[in-house]
Amino acid sequence: MTGVPASAAGGSGARPVRGGKLGTAAVNQASLWNIANILTMVRLLLVPGFVLLLFHNGGYDPVWRSFAWAAFAIAMITDLFDGHLARTYNLVTDFGKIADPIADKAIMGAALVSLSVLGDLPWWITGVIIARELGITLMRFWVIRHAVIPASRGGKLKTLAQGTAAGMYVLVLTGPLATLRFWVMMVAVVLTVVTGLDYVRQAVGLRRKGLAAERAAAAERAQQTTEALEAAGMAGAASGASATGVRGARGAHGAEARDAAEAER
């Protein structure tokens, strides 16, 4: 769960440029059916499969929980590969942008809630992690008009810690390994909270900068409009004065012509 849609998808028909930058053309031309999007869809399909395997035979069968762990591990691994493929081969679609973060949060949320239902994981841990993920998602929408909050190194480390800890809880572990998984989960919780606060700090700063830039742009547009109206008014006044001068000259010329005609008579 990086928080940033990394997966995207698509094959445009042309040969992909390895390591190329993602551009508007790539997004528009990408096909829905490509390896990056397929991996994302596989991860989505693994969510109900993982839950069924975990709860099979009462939810405490070591064999079935091992199968559930395998499904969870595959889902977490596909999260790494679909993002890598999308960035490397310029495979981007709107579906991938939306489906990737949903799949990330779905598999992790399903694991945490299921483990809490089974009594293996305290509900407060599940609540903290899910509240953080939902909060950061809403925070991203809050500032998306101004900027995009990039995935940080701490966020990636948090995702790794969460996946490792949740995977250890899915397995039936006893003794020192059971103690170890508890401390790994505590590290994941700490990283979850710390990176969440950092995202809030970034979001507030980006929104303030965005609003300040919008106000400055609006003031500049207002000034330009005022200057344009003033220039148009001055041009109109000059045009009126020129027309008056022309009419005066024509009147004087007409008077001279009449005087000359009377002198001849």
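Being a predicted model, the structure only gives us computed values, none of them experimental.

Student: Summarise helix α2 (residues 35-55); cite the residues concerned and give the values.
Tutor: Since the α-helix packs 3.6 residues into each turn, any two residues three or four apart lie on the same face. With 21 residues, α2 should reach 30 Å at 1.5 Å per residue; the first-to-last C-alpha distance of 30 Å fits that figure. In the structure, α2 departs most strongly from a straight axis at Leu46, where the bend amounts to approximately 30° and where the proline Pro48 lies between one and four residues downstream. For α2, every residue scored as buried is listed here: Ala36, Asn37, Leu39, Thr40, Arg43, Leu46, Val47, Phe50 and Leu54. Measuring from the backbone nitrogen of Ala36 back to the side-chain oxygen at the start of α2 gives 2.9 Å, which picks out Asn34 as the cap. Once α2 finishes, Asn57 follows within two positions and takes phi at roughly 60°, a positive value.

Student: Run through helix α6 (residues 153-170), naming residues and quoting values.
Tutor: Its 18 residues place the ends of α6 26 Å apart at the C-alpha level, agreeing with the 26 Å of an ideal helix rising 1.5 Å per residue. What α6 keeps buried is the set Gly155, Lys158, Thr159, Ala161, Gln162, Gly163, Ala165, Ala166, Gly167, Met168, Tyr169 and Val170.

Student: Which residues make up the nonpolar core, and what values do they have?
Tutor: In globular proteins that are soluble, nonpolar side chains generally tend to be buried together. Grouped together as the largest cluster of nonpolar side chains are 32 residues, with contacts concentrated most on Phe50, Phe72, Ile107, Leu121, Ile125 and Met185. Among the elements of the structure, α2, α3 (62-88), α4 (94-117), α5 (123-143), α6 and α7 (176-264) are those that each provide at least two residues to this core. Ignoring sequence-local partners within four residues, the contact set of Leu121 consists of Leu112, Leu115, Ser116, Thr126, Tyr169 and Met185.

Parameters at a glance
Residues numbered from 1 in each chain as written. Predicted model: local features only at pLDDT ≥ 70, side-chain atom pairs only at ≥ 80, totals over all residues. Heavy atoms only, no water. Helix = DSSP H or I, 4+ residues; strand = E, 2+ residues; numbered from the N terminus. Expected span 1.5 Å × (residues − 1). Bend = angle between axes of the 7 residues up to and from the residue. Buried < 20%, exposed > 50% of the residue type's maximum accessible area, 1.4 Å probe, protein only. Polar contact = N/O pair within 3.5 Å; in protein donor to acceptor, adjacent residues only side chain to side chain. Core = buried A, V, L, I, M, F, W, Y, C linked by side-chain atoms within 4.5 Å. Contact = heavy atoms within 4.5 Å.

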